[in-house]
Amino acid sequence: MRRVVFNQKGGVGKTSIACNLAAVSAAQGYRTLLVDLDAQANASQYLTGFCGEELPTGMADYFKQVLSGGPAGKKARPPITETPFENLHLIGATAELADLQPKLEAKHKITKLRKLLITLSEEYERIYIDPPPALNFFTLSALIAADRCLIPFDCDSFSRQALYGLLDEIEELKEDHNDALVVEGIIVNQFQPRAALPQQMIDELRAEGLPVLPVHLMSSVRMRESHQACMPLIHFDPRHKLSQQYVELHSCLEDG
Ligand SMILES: Nc1ncnc2c1ncn2[C@@H]1O[C@H](COP(=O)(O)OP(=O)(O)OP(=O)(O)O)[C@@H](O)[C@H]1O
Ligand SMILES: [Mg+2]
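All figures in this text were calculated on a predicted structure; none of them were measured in a lab.

Analysis parameters
Residues numbered from 1 in each chain as written. Chains lettered and ligands numbered in written order. Predicted model: local features only at pLDDT ≥ 70, side-chain atom pairs only at ≥ 80, totals over all residues. Heavy atoms only, no water. Near = heavy atom within 4 Å. Polar contact = N/O pair within 3.5 Å; in protein donor to acceptor, adjacent residues only side chain to side chain. Areas by Shrake-Rupley, 256 points an atom, 1.4 Å probe, with all protein chains shown as cover. Helix = DSSP H or I, 4+ residues; strand = E, 2+ residues; numbered from the N terminus. Salt bridge = Lys/Arg side-chain N within 4 Å of Asp/Glu carboxyl O. Core = buried A, V, L, I, M, F, W, Y, C linked by side-chain atoms within 4.5 Å. Buried < 20%, exposed > 50% of the residue type's maximum accessible area, 1.4 Å probe, protein only. Contact = heavy atoms within 4.5 Å.

Asker: Would you take a moment to explain the site of ligand 1 for this structure?
Answerer: For ligand 1, the set of nearby residues contains 19 residues, the closest of which are Gly 11, Lys 14, Thr 15, Ser 16 and Met 218. One of the side-chain N or O atoms of Asn 189 is found 3.1 Å from a nitrogen atom in ligand 1. One nitrogen or oxygen atom from the main chain of Met 218 is found 2.8 Å from a nitrogen atom belonging to ligand 1. Taking 630 Å² as the accessible area of ligand 1 by itself, protein coverage stands at 86%.

Listed below in structure tokens is the structure:
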């Protein structure tokens, strides 16, 4: 399964959710790959502890091979980095991705990621993609490459408008490029159970037929601490309620 965790809104939890679901999948014994497509490289840092120059050049390296054309471009393969966590591998991101974007666009390389990830599906049972917070070349490449999309949502009315825009965008993309793409679910992140508005918004989305997943992720400082420790929650604090919610959320997925 190739999953992209996407919402163009910034800071809704894309990276946290992609990395933590990938970590649960790997801890359960599935060969799992995290593909970082964001020049901010948050996922790469979270899963390796590296930053700056030390970051693995994975995706940038791959796209440079692609841009070089000829036989090398056709056989392009990114360096894949082992993380400290068993069964969890990473194709890293670096700031260089931002410079490559206009060149990749100009050369129409939007389907290259799809071809790569279909090939890598032979080695990895689950692939999670962490795109940047924008509807740009990398995000569209990811939506074309994936067969499932998970949408983080923070129960804010601006997010709700962004969500409808995104769902329209996905419908259009399915028609033009990837009719196999399924919106697997909307993931409520940083849920506030005591406030009335978030639950009301969730009920309304469900009444509209939108697939809000039944497990809502709580807000906890442990998430930031786990980023700081460069350790997904299932390893950082497996007994914490948020870690358990991630395990439950993972089991709601089609192959969880
Ligand atoms: N369940 C949670 N509880 C508390 N804090 C959280 C939770 N999920 C995410 N956060 C915090 O929210 C911030 C944004 O999270 P994250 O980086 O995962 O979002 P993002 O959508 O990937 O952001 P960007 O759009 O910049 O890529 C981080 O500081 C993270 O620690
Ligand atoms: Mg992110």
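Having seen it, we continue.
Asker: Which parts of the structure should I look at to understand the environment of Arg 224?
Answerer: With respect to the helices and strands, the residue Arg 224 is situated in helix H10 (residues 221–228). The spacing of Arg 224 and Ser 16 is 208 residues in sequence and 9.3 Å in space, taken between C-alpha atoms.

Asker: When you look at the pattern of salt bridges in this model, what are you seeing that I'm missing?
Answerer: Oppositely charged side chains can form a pair if their charged atoms are brought close together. Evaluated as defined, the whole model comprises 13 salt bridges. A salt bridge links Asp 154 to Lys 9; the shortest N-O distance between them is 3.1 Å. Separated by 145 residues along the polypeptide, Asp 154 in the loop between strand E6 (148–153) and helix H8 (157–176) and Lys 9 in the loop between strand E1 (2–5) and helix H1 (14–27) bring together distant segments of the chain. Salt bridges sharing partners connect three or more residues here, namely Arg 3, Arg 126, Glu 184 and Asp 255.

Asker: What should I look at first to understand H10 in this one?
Answerer: Along an α-helix, residues three or four positions apart point the same way, because every turn accommodates 3.6 residues. The backbone nitrogen of Arg 222 has a side-chain oxygen 3.0 Å away, supplied by the residue at the start of H10, namely Ser 220. Cys 230 sits one or two positions beyond H10 and adopts a positive phi of about 55 degrees.

Asker: Would you take a moment to explain the nonpolar core for this structure?
Answerer: Burial of nonpolar side chains together is a common tendency in soluble globular proteins. Core analysis: the largest hydrophobic core is formed by 51 residues, its most contacted members being Val 35, Leu 37, Met 59, Phe 63, Leu 117 and Ile 129. In contact with Leu 37, other than residues within four places in its own chain, are Met 59, Phe 63, Leu 97, Leu 113, Ile 129, Asp 130, Pro 131, Pro 132, Phe 138 and Ala 142. By size, the runner-up hydrophobic cluster in this structure holds 28 residues, among which are Val 5, Ala 22, Ala 43 and Leu 233.

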